[in-house]
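# Understanding the architecture of this molecule
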Amino acid sequence: MTRGLPTRLPRTHPPVADRLRDGPVCVSYEFFPPRDDEGEQRLWAAIRELEPLNPAFVSVTYGAGGSTRERTVRLTERIAAETIVQPVAHLTCVGHSRSELRAIIGQYADAEVTGVLALRGDPPGGPGTPWRRHPDGFDHAIELVEMLVQLGDFSVGVAAFPRGHPQSVDLDADARVLAAKARAGARFAVTQLFFRAEEYARLIDQVAALGCDIPILPGVMPITSLRQIDRLAELSGSPVPIAIASPLERLGPDPAAVRAAGIDIATSLCSELLDLGAPGLHFYTLNHSRATRQIQENLSSRIG
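Cut-off values and rules
- Residues numbered from 1 in each chain as written.
- Predicted model: local features only at pLDDT ≥ 70, side-chain atom pairs only at ≥ 80, totals over all residues.
- Heavy atoms only, no water.
- Helix = DSSP H or I, 4+ residues; strand = E, 2+ residues; numbered from the N terminus.
- Expected span 1.5 Å × (residues − 1).
- Buried < 20%, exposed > 50% of the residue type's maximum accessible area, 1.4 Å probe, protein only.
- Contact = heavy atoms within 4.5 Å.
- Core = buried A, V, L, I, M, F, W, Y, C linked by side-chain atoms within 4.5 Å.
- pLDDT = per-residue confidence, 0-100.
- Phe/Tyr/Trp six-rings, centres within 6.5 Å; stacked < 30°, edge-to-face > 60°.
- Lys NZ or Arg CZ within 6 Å of the ring centre and 35° of its normal.
- Pairing = 2+ DSSP bridges.
- Axes fitted to C-alpha atoms, helices over the stretch in contact; angles between N-to-C directions.
- Salt bridge = Lys/Arg side-chain N within 4 Å of Asp/Glu carboxyl O.
- Polar contact = N/O pair within 3.5 Å; in protein donor to acceptor, adjacent residues only side chain to side chain.

## Concerning unusual backbone geometry
With an omega of 0°, the peptide bond running from Gly23 to Pro24 counts as cis. Structurally, the position occupied by Pro24 is in the loop between helix H1 (16–22) and strand E1 (26–31).

## Side note on helix H4 (residues 98–110)
Given 3.6 residues per helical turn, the α-helix brings residues three or four places apart onto the same face. An ideal rise of 1.5 Å per residue puts 18 Å on 13 residues; H4 measures up with 18 Å between its terminal C-alpha atoms. Of all the positions in H4, only Leu101, Ile104, Ile105, Gly106, Gln107, Tyr108 and Ala109 are classed as buried. Buried-residue contacts for H4 involve helix H3 (69–82), strand E3 (87–92) and helix H5 (141–151). Once H4 finishes, Glu112 follows within two positions and takes phi at roughly 60°, a positive value.

## Some thoughts on the nonpolar core
Counting residues in each nonpolar core, the largest one holds 67 residues, and the members touching the most others are Ile216 and Leu273. No other element matches the six residues that helix H10 (residues 255–275) contributes to this core. Ignoring anything within four residues of it in the chain, the contact list for Leu273 reads Phe194, Ala197, Tyr200, Pro218, Val220, Ala278 and Leu281. Within the second largest apolar cluster, 27 residues are counted, among which are Phe161, Ile229, Ala245 and Val258.

## Observations concerning the confidence of the model for the protein chain
Per-residue confidence for the protein chain gives a mean pLDDT of 87; residues scoring 70 or more make up 92%. In this model residues 1–11 is a low-confidence stretch, pLDDT under 50, and it forms 26 contacts with partners more than four residues away in sequence or in other chains.

## Thoughts on the packing of aromatic side chains
Tallied over the entire structure, the rule returns three aromatic pairs. Between Phe57 and Phe188, the ring centres sit 6.0 Å apart and the planes meet at 50°, which makes this aromatic pair tilted. Of the two residues, Phe57 sits in strand E2 (residues 57–60) while Phe188 sits in strand E6 (residues 188–191), which places them 131 residues apart along the sequence. Judged by its relative accessible area of 1%, Phe57 falls in the buried class. Aromatic side chains Phe194 and Tyr200 sit 6.1 Å apart centroid to centroid with 10° between the ring planes, which places their arrangement in the stacked category. Just above the ring of Trp44 sits the side chain of Arg78; from NZ or CZ to the centre is 3.9 Å.

## Some remarks on the sheet that holds strand E7 (residues 216–217)
Judged by pairing direction, the sheet is parallel, and its nine strands sit side by side in the order E7-E6-E5-E4-E3-E2-E1-E9-E8 without closing on themselves. Two strands in the sheet have a free side with no partner beyond their single neighbour: E7 and strand E8 (219–220). Examined bridge by bridge, E1 and E2 share four bridges and lie parallel to one another. When the sheet's bridge partners are listed, Ser28 is paired in E2 with Phe57. Against the sheet, H5 makes contact with E3, strand E4 (115–119) and strand E5 (155–160), and its axis sits at roughly 150° relative to E4, the strand it touches most. Taken strand by strand, helix H6 (residues 171–184) contacts E5, E6 and E7, and its axis lies near 175° from that of E5.

## Some thoughts on the pattern of salt bridges
In the structure shown here, the tally under the stated rule is 12 salt bridges. The residue Arg78 makes a salt bridge to Glu40 at a minimum N-O spacing of 3.8 Å. A residue pair is termed long-range when its members are at least 10 positions apart, and Arg78 in helix H3 and Glu40 in helix H2 (residues 37–50) qualify at 38 residues. When its relative accessible area of 31% is taken as the criterion, Arg78 is described as partly exposed. Note that Arg48 is salt-bridged to Glu51, the shortest N-O span being 2.9 Å. Owing to a relative accessible area of 12%, Glu51 belongs among the buried residues under this scheme. Shared partners join several salt bridges into a network, and the residues in it are Glu40, Arg71, Arg74, Arg78 and Glu82.

## Here's the deal with the side chain of Thr72
Residue placement: Thr72 occurs in helix H3. Within polar-contact distance, the side chain of Thr72 engages the backbone oxygen of Thr61 at 2.7 Å. In contact with Thr72, other than residues within four places in its own chain, are Pro33, Val60, Thr61, Tyr62 and Tyr108.

This is the structure in structure tokens:
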């Protein structure tokens, strides 16, 4: 069955970009599609625990090569139907033809999901491998932004890279790409992982110098175990700074101390980001709610 694409989507939530611009300071959460039913139950428990905190939105990631497409779409639709939270759908160019992308966008539209995070995605072979576009697909996220803008009244978000995209020539080039995506119709951005507030400040200044005022939401993931350090380095594209990793490694024999210190580090980073005027905080939750809830409690006087 062919799905229709309305020119105007019904809205039950304000567009994400409007909430980021109008305030108050907000939070949002990112989840990944679980591999099995047990993992899905844990995910729903986390969503229900975070739902009362009134997030601006929650997002569900899209696996490499579209490997989690069906579960991602289903979870996003369920969040829209069964919670009071606004979902933002991830969509990547990896492994998809233009017609497949149009069909997925139509599925989101049918579910009244109005927010979409448009991403190129990691190479099909994983981080560090050569990029290969689908023969009838897109090479860059900006092309996906343009398709979304043409197909409906979506609130389109994009990725930003305070530490630099792994395949970018320099940080200035990253800023220019972000500004170009905003000109193409992107209305907000969410950063990849970073660890120092000055990295976010630099990105904001670079984008502003290009005449672009797109709201940029900083992405934060608290380190709650030592095994996360290598994983975070992989996800962010560069090592966790020694000044952060070393104190945690010294606490290695005491997992509870590592967790507490990681939450304190993330709380301090979030406080610095809010001092810089960040419109909110985007938490990479790893499908758990405890650390995120603790950080929000620590910052309760500053988050609307």
